[in-house]
Amino acid sequence: MGGHHHETFISKYIFSMDHKMIGKQFLITAIFMAVLGMAMSILFRIQLAWPGEGFAFLNFFLGDKWAPEGVLDPNMYLALVTIHGTIIVFFVLTGGLSGTFSNLLIPYQIGARDMASGFMNMVSFWLFFVSAVIMVYSVFIESGAASGGWTVYPPLSALPQAMDGSGLGMTLWLVSMSIFIASSLIGSLNYIVTVINLRTKGMTMVRLPLTIWCFLITAVLGVLSFPVLLSAALLLMFDRMLGTSFYLDSIFIGGEPLEATGGSPILYEHLFWFLGHPEVYIILLPALGLISEIISTNSRKPIFGYRAMILSVLAIAFLSFIVWGHHMFMTGMSPFLGTVFTFTTLLIAIPSAVKVFNYLATIWKGNLRLTPGMLFALGMVSLFISGGLTGLVLGDSALDINVHDTYFVVAHFHIVMGAGAIFGMFAGVYHWFPRMYGKMMISKLGYLHFWITFIGVYGVFFPMHFVGLAGVPRRYYSNLDFEMFNDVQFINVIITGFAILSALGQFVFIFNFFYSVFKGKKSVQNPWKSNTLEWTAPVERIHGNWPGELPTVYRWPYDYSKPGYEEDYVLQTVPLKDGEHDGH
Amino acid sequence: MELLLILLAIVVAGVAIAKVMKAKELVDGLKDPESEPISSSEIRTNALGWLVFGIVLFAMAVVQMIAFDKYMLPSAASAHGADVDELMRITMILIMSVFFVTQGLLFWFGFKYYFKPGKKAFWFPHDNKLEMAWTVVPAVVLIMLVTYGMSTWDEIMNPEDKVDLKVEIVSEQFGWTTRYAGADSTLGEASFALYGKNAVGIATKNAIIERLAECKNINTTVITISNKAVTNNMITLTGFNHYDDEISGKITPMTVTLTKSAFDNAVIISKGRGFDGTSKLIVKGFVTDSLNLEAEIALGWNKDAKLDKVESSIKNFRANVLRLRRMLKDYANDPTKYDFGKDDIVVNDNHIKLPKGNTIEFQFRSKDVIHSAYFPHFRAQMNTVPGMKTKFTFKPTETSEEFQAKAIAEGKVYLEVIRDENTGEVLSSIEKLGTTGYILLCNKVCGTSHFNMKVFIDVVEQDEFDSWLAGQKTFE
C-alpha cells in the first residue's frame, strides 16, 4: 500500500474508491443541493413577504403554470416548502455533512489508509447521487413535487385525490428517500466498522478526536433509526399502490367513502418520528464534533472536559431515541405519553448544557485564533444556545399546545439544526479545506461570508419567533387571509429581506471555494498547527494517505499549550516524555 | 416600507463589506512576518466585530421583545390558558436569563482572549467540581421546570370539572362543521359512511336508511350485462341489478336501452369482475364481457378514461353499502346508541357560538386528511385525525366583547387593512387598538387551501347562547 496505482479519469474522479475523493464528491453534491434548497426558500419567502404581488422573474423561472402573472401558485408553494425541507435535512445536512467529513476525516484522524470498504463507500455515494437526482427531478414533473411538508403525513400523502403533489411527485419522493436510506445505511456501517477496526497503533478509544466520536455515534444512530423510516416509507408505498390500509381509516374524500379502513395515520407519525428525532442529532452531532476540534485547535487549548463531552454525546444519542413523541403532543395520543415525552425531552437539555459550558470553558483564557472556520464554530455555539433554549418551550407539552406548528417551531429548528449545523459544516470546510485540496481559501472572503451569514441568520430567525408567538401557523401560502395576522406581516418582510441578503452572501463562499480549489495559495502541511493525525500526512493527497509506515499515536489529540513544551501544540505522534501524563 | 427594509439590509451588508475592506487595508500595511495563515490584525478586527455583534444581538433582542409585544396574542381567554401563560412567563424568564448569561460569556470571551502572538493559552483540560456543578444545576432547574410543566399539562388534559357542553368539530378540506350535543347532552353515533348531505355523518336509523336508498338510486345503473343487442342505432343491454345482487343476494333482471350516440358518449369506467366471477368491463355504470372489449372500443368508447380510478370507486361503493347494512343490523341490537343523534344540532356556518363560563368538551373528527384545530386565543389545539376521535376540554372565560376590552386594556393592536375590491390593492392600513377576535384555524398542512381554513368564534353569555341554540334545527 501507499504507492500510486495507475488511475484513469473515471476511476479517480467518478467511480473513485478513495475516501478523500468520495468526501469531495459528497461535498460538491451537497453544495449544489444546498444552492437549490436555498433558492427554493427565497421563492417562497418572496411569496410570504408580498403575497399576491406579481414578480416577472418568478414567471420567467417557473412559467405560467406555477407562477401565473408572477404570483407563485399555492401548490408550487407547498411543493417548494416540502422539497426545501427534504433537500436541506437529508441531502445537505445528513448526506452532505456526514458524507463529506466522515469520509474525509475518519481514515485520516484514526490513522487508516482508507475506509474498511472502499467499494461500499463508492456505492454509498452513487446511491446518494441517484436519490438526489430523483428528488430534484420530482420538482419538474407536471403534477408537481410532493407537497405535504417534509414529514409527508398520510392520509394527505397517501391519497392522490387529496392534492396534486400526492400523485407522481409523492411516489418519486418515496423512491428517492428509499434509495437515500440505503446509501445512508451502507455509509454508516462502513464508518462504524472503520472506526472500530482500523485505528492505528496507540489510537485507543479515549485518544480519538471528538470528531471521530461524534461520527461514530452518528453512524450508530443512523443504523438504528433509518430502517424505521424505510419501513414507514414502504408501508406508505403499499397504501398508495397496493390497496393496503396501514395508515388509512374512515376517510371520505372526493365525494366517496374509501374502502380502506382499519389503519392509523398516527402509526406513520410514530414511525416517522422514531427516525425523525434521532435525525436531528444525526445532523447536529457531526457538526458539534467538527466544532469541538476547531474550537480547541484555534483556542490553542485542550477541549475542556474531553470525557464529559463524550459522555454527553452518548447521553444525547441515547435520549434522542425516547423523545420522538414531543413532535406528536397534539395528535391526540394519550396525555400520559405526553407527560413521559416531556420528561425525556427536557432531560436532553442537561447534556446539551454541559456541552455549551464546556465550549465556554474551552475558550476561556484561550489564545483564540479567529479564523473564518473558528468564527463559524463559535457562531454555531451561539446558535446552539439560542435554538436550544426555545426547545424548552416546545418540549414542554403544556406550552407546546399554543406554539405547536407555528413559526415559533420554524424559528427554533432552523436556528438549532438548520443554521447551526450549516455553520458547523462551513467551519469544517474552512478548516479542512487545506487538507482536502492542499490549498488555502481566501480568508477575507471567508470573513465576509461569515458576517453576512451570521447577520442574516439572526435577522431571519430571531424575529420569526414573534411571528409564531402571534399565532401564525407554518406552511401557510399567505398569512393575509386571516385579518389577525395583518399586523405581523411587516416582520415577514424583514425576514425575507435578511433571507435574500444571506442567500446572496453564500455566493461569496461558492466563489471562494471554487476559486481556491483551482487558484488558491498552496497550503503548508499543518497550517493550523493542529495535533491530529490528518496533518501529519503529506499535503499531496496520496492514495493510502501516508507514504511508508502508518503513524503511531502516543497521546490524546488535545495537547495544546501544554506546560513543559516550547510550542503551543504537540502532535499525537510525539511520544510522552518520562513521567508525563497523557492529557486529560 | 418594504423598500426601506431592503435598503436597511443593503446598508448592513455595506457595513460588513466596509469592515472587511478595512481589515484588508490593515493587513496589506503590516505583512505578517510569521507564517500564520491569518494575520494578527485580521484576528483583531474580527474579534472586535464579534463583540459588536454580541452587543447588537442583545440590543435587537430587547428592542424586538418590547416593540413587538403589542402584536402578540392577548392574554388567554380560557381558564387553563391562564396557567399556560404563567408557565410560559416563567419559562421565558429562565430562557432569557440563560440566553443573556451564556451568550454574554461567549461574545465576551471571544473578544477578550483573541490571539496574540507569543501568548500561551491556559492549560485547563478539565475540572471535576466545575463539571459536576454545571451538570447538577441545570438538572435541578430542569426537573423543577419539567415538574411544573407536567402538572400543568396533566390538569389541562385530564380536567376534573364537570362538562357543561359537548361540541363536536369535524374538519374537511377546507372547512369546519360544528355539532352541538342537543337536549340529551350526548353526541350521537356518527360514521364516515354517511357523509354527504349529512355533514357530520350522524348515524340515526333514518339517516342510515336514507343513505342506503341514495346508494340504490345512484347505482341502479350499475348492472352486470348478460346480453347486448345492437339494432338501428339502439343498444339494448340486459343484465342484473348490481346493487341488489351484490348486497342482498337477490337477482333483479333489468334491461336498459340507449341510443347509439348516448352509448358513444359513454366513458369506460372500469375493468372489473362481475358477480359471477368472470372478467367484466364496467362502462359508465354498465358491465359487459371483457371479450367484447375490442368491439366496444370500435364503437367509439373513450379509451383514455382512468380505469383504476373507477374500479376503486366501485369497490368503495360496495364496501360502503355493506358498512351501512352492518350498521342497520347493529341498530337492531342497540337502538339507543343511534338515537342520541336525533336531537343533535349541526351548524355549518363560518361562526361557532360558545357560552361563556361553560366547561366545553370538544370532540374532533376529520373527514379526509389530518387537520389541526387551533384556537390561539384560548391556548387550545388538537389534531383532527381521520378514523379517530380526539378531545380537548376548555372553559372560555370572556365573551367576545370582554375579550376585545381586555385586548385594548393590554395595549394590543391589530391592523385594519382596506383593499380595493377589484384589484386587491391596499387602500389604507391603520393600526387600531384591540383584537380581531376569536378564531379557529387549521394548523396542520392539509392541501392547497390550508392557509384559508377558518371559523370565527363568538363567545356569548349563557342566556344568549341558550336562546340561540333553541332556535336551531335539530337533526331529526
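Residues numbered from 1 in each chain as written. Chains lettered and ligands numbered in written order. Predicted model: local features only at pLDDT ≥ 70, side-chain atom pairs only at ≥ 80, totals over all residues.

Peer 1: Is there a simple way to explain the overall build of chain B in this structure?
Peer 2: Each helix and strand counted, chain B has 12 helices and 18 strands in total. In chain B, which comprises 476 residues, the proportion classed as buried is 37%. (Helix = DSSP H or I, 4+ residues; strand = E, 2+ residues; numbered from the N terminus. Buried ≥ 20, exposed ≤ 12 C-beta atoms within 10 Å, placed from the backbone.)

Peer 1: What is the right way to read the overall build of chain A from this model?
Peer 2: Helices and strands together make up the secondary structure of chain A, namely 16 helices and 4 strands. Principal-axis analysis of the C-alpha atoms gives chain A an extent of 80 × 50 × 50 Å. Buried positions account for 67% of the 584 residues belonging to chain A. At a minimum sequence separation of 6, the contacts of chain A that also span at least 24 residues come to 80%. (Contact = placed C-beta atoms within 7 Å.)

Peer 1: What exactly am I supposed to notice about the interface of chain A and chain B here?
Peer 2: Often, the extent of an interface is quoted as the loss of accessible area upon association of its parts. At the junction of the two partners, chain A supplies 119 residues and chain B supplies 114 residues. Looking at the side of chain A that touches chain B, the element that brings in the most residues is helix 15 (residues 443-469) of chain A, giving 13 residues. For the side of chain A that touches chain B, the per-class residue count stands at 73 nonpolar, 30 polar and 16 charged. (Nonpolar A, V, L, I, M, F, W, Y, C, P; charged D, E, K, R; others polar.)

Peer 1: Looking at this structure, I do not really get the sheet that holds strand 9 (residues 345-347) of chain B. What am I missing?
Peer 2: Backbone-to-backbone hydrogen bonds join strands into a sheet, with any given pair of strands oriented parallel or antiparallel. Residue and element names in this part refer to chain B. The strand order 9-2-1-11-14 describes an open sheet built from 5 strands, whose pairing is mixed. Edge positions in the sheet fall to strand 9 and strand 14 (390-394), since each of these pairs with one other strand and no more. Direction aside, the axes of adjacent strands within the sheet are offset by 25 degrees on average. Sheet topology places strand 2 (residues 175-180) next to strand 9; 3 bridges connect them, and they run antiparallel. Bridged to Y180 within strand 9 is I345. (Pairing = 2+ DSSP bridges. Axes fitted to C-alpha atoms, helices over the stretch in contact; angles between N-to-C directions.)

Peer 1: Would you mind going over the sheet that holds strand 18 (residues 454-460) of chain B with me for this structure?
Peer 2: Residues and elements named next belong to chain B. Sheet architecture is open: 5 strands sit in the order 10-18-17-12-13, paired in mixed fashion. Edge positions in the open sheet fall to strand 10 (351-355) and strand 13 (380-384), since each of these has one partner strand only. If you compare each strand with its neighbour and ignore which way they point, the axes differ by 25 degrees on average. Pairing of strand 10 with strand 18 involves 5 bridges; the strand directions are parallel. Opposite H351, over in strand 18, you have F456 as the bridge partner. Helix 12 (residues 462-470) rests against strand 10 and strand 18 of the sheet, and its axis sits at about 130 degrees to strand 10.

Peer 1: Just to check I follow, could you spell out the nonpolar core for this structure?
Peer 2: Note that soluble globular proteins tend to have their nonpolar side chains buried in a common cluster. Of all hydrophobic cores here, the largest spans 303 residues; its most connected members are I291(A), M380(A) and A427(A). Sequence-distant contacts of A427(A), defined by excluding residues within four places in its chain, comprise L290(A), I291(A), I294(A), G373(A), F376(A), A377(A) and M380(A). (Core = buried A, V, L, I, M, F, W, Y, C linked by C-beta atoms within 7 Å.)

Peer 1: Help me understand the pairing of strand 17 (residues 439-442) of chain B in this model?
Peer 2: Successive residues of a regular strand alternate their side chains across the two faces of the sheet. Pairing analysis gives 2 bridges linking strand 12 (residues 371-375) of chain B to strand 17 of chain B, with the strands arranged antiparallel. In the sheet register, A373(B) faces strand 17 of chain B, and the bridge partner there is C442(B).

Peer 1: Even after reading the chapter, I still don't get unusual backbone geometry, so can you show me in this structure?
Peer 2: Leaving glycine aside, a negative phi is the common case for residues, and trans is the common case for peptide bonds. In this structure, the amide linkage connecting P154(A) to the following residue, P155(A), adopts the cis form with an omega of 0 degrees. Here P155(A) is to be found in the loop between helix 5 (118-138) and helix 6 (168-197). With an omega of 0 degrees, the peptide bond between Q173(B) and F174(B) qualifies as cis. Mapped onto the secondary structure, F174(B) falls in the loop between strand 1 (165-172) and strand 2. Even without being a glycine, S561(A) presents a positive backbone phi close to 55 degrees. Here S561(A) shows up in the segment after strand 4 (521-522). Note on S561(A): 22 C-beta atoms within 10 Å, which makes it buried. Look at S185(B): it is not a glycine, yet its phi comes out positive at around 55 degrees. Following the sequence through the fold, S185(B) ends up in the loop between strand 2 and helix 5 (205-219).

Peer 1: Can you help me understand the pairing of strand 11 (residues 360-366) of chain B in this one?
Peer 2: Residue and element names in this part refer to chain B. Most of strand 11 sits out of view: 6 of its 7 residues are buried. For strand 1 and strand 11, the ladder comprises 7 bridges, and the chain directions are parallel. Note that in strand 11 the partner of E168 across the bridge is Q363. With 5 bridges joining them, strand 11 and strand 14 adopt antiparallel strand pairing. Looking across to strand 14, one finds that F364 is bridged to T390.

Peer 1: Which parts of the structure should I look at to understand the packing of helix 2 (residues 40-67) of chain B against helix 3 (residues 79-112) of chain B?
Peer 2: Packed helices, taken two at a time, are described by their axes: the angle between them and the distance between them. Residue and element names in this part refer to chain B. Viewed as axis vectors pointing N to C, helix 2 and helix 3 meet at an angle of 160 degrees, and their least axial separation amounts to 7 Å. By the angle between their axes, helix 2 is roughly antiparallel relative to helix 3. Of the two elements, helix 2 crosses helix 3, and the hand of that crossing is left-handed. Contacts from A47, L48, W50, L51, F53, G54 and F58 of helix 2 reach helix 3 at F100, Q103, F107, G110 and F111. (Parallel < 35°, antiparallel > 145°, perpendicular 65-115°, else oblique. Left-handed = near helix turned anticlockwise from the far one by under 90°.)

Peer 1: Can you walk me through the packing of helix 6 of chain A against helix 7 (residues 210-241) of chain A in this structure?
Peer 2: Residue and element names in this part refer to chain A. Packing of helix 6 against helix 7 leaves a shortest axis separation of 8 Å and a crossing angle of 155 degrees. Taken together, the axis directions place helix 6 and helix 7 in an arrangement best described as roughly antiparallel. Crossing of helix 6 over helix 7 shows left-handed handedness. Considering only residue class, the contact of helix 6 with helix 7 consists of 20 nonpolar, 5 polar and 1 charged.

Peer 1: Would you mind going over the environment of G459(A) with me for this structure?
Peer 2: Considering the arrangement of structural elements, one finds G459(A) in helix 15. Sequence separation between G459(A) and A499(A) is 40 residues, and the spatial gap between their C-alpha atoms is 7.9 Å.

Peer 1: Just checking my understanding: could you explain the confidence of the model for chain B for this structure?
Peer 2: Note: predicted coordinates in regions of low pLDDT should not be interpreted at a detailed level. Residues and elements named next belong to chain B. Looking at chain B, the pLDDT average stands at 81 and 73% of residues meet or exceed 70. Below pLDDT 50 for its whole length, residues 218-227 participates in 32 contacts with residues either more than four positions away or in separate chains. Within the model, the stretch residues 239-243 combines pLDDT values under 50 with 25 contacts to residues more than four positions away or in other chains. As a predicted assembly, this complex carries a pTM of 0.89 together with an ipTM value of 0.95. (pLDDT = per-residue confidence, 0-100.)

Peer 1: What's the story with helix 5 of chain A in this structure? I'm lost.
Peer 2: Each α-helix turn comprises 3.6 residues. Residues three or four places apart therefore point the same way. An ideal rise of 1.5 Å per residue puts 30 Å on 21 residues; helix 5 of chain A measures up with 31 Å between its terminal C-alpha atoms. Among the structural elements, helix 2 (19-49), helix 4 (74-110) and helix 6 of chain A are those in contact with the buried residues of helix 5 of chain A. (Expected span 1.5 Å × (residues − 1).)

Peer 1: What am I meant to see in the environment of K367(B) here?
Peer 2: Relative to the assigned elements, K367(B) resides in the loop between strand 11 and strand 12. Setting aside residues no more than four positions away along its own chain, K367(B) makes contact with F252(A), V170(B), S171(B), E172(B), F192(B), Y195(B) and P386(B).

Peer 1: Where do I start with helix 3 of chain B in this structure?
Peer 2: Its 34 residues place the ends of helix 3 of chain B 50 Å apart at the C-alpha level, agreeing with the 50 Å of an ideal helix rising 1.5 Å per residue. Looking at helix 3 of chain B, one finds that the buried residues are H80(B), G81(B), V84(B), L87(B), T91(B), T102(B), L105(B), L106(B), F107(B), F109(B), G110(B) and F111(B). Close packing links the buried residues of helix 3 of chain B with helix 11 (349-363), helix 12 (372-394) and helix 13 (397-403) of chain A together with helix 2, helix 4 (128-157) and strand 14 of chain B.

Peer 1: Just to check I follow, could you spell out the environment of I322(A) for this structure?
Peer 2: Its place among the elements puts I322(A) in the loop between helix 9 (306-319) and helix 10 (335-347). Considered as a pair, I322(A) and P278(A) are 44 residues apart in the sequence and their alpha carbons are 9.0 Å apart.

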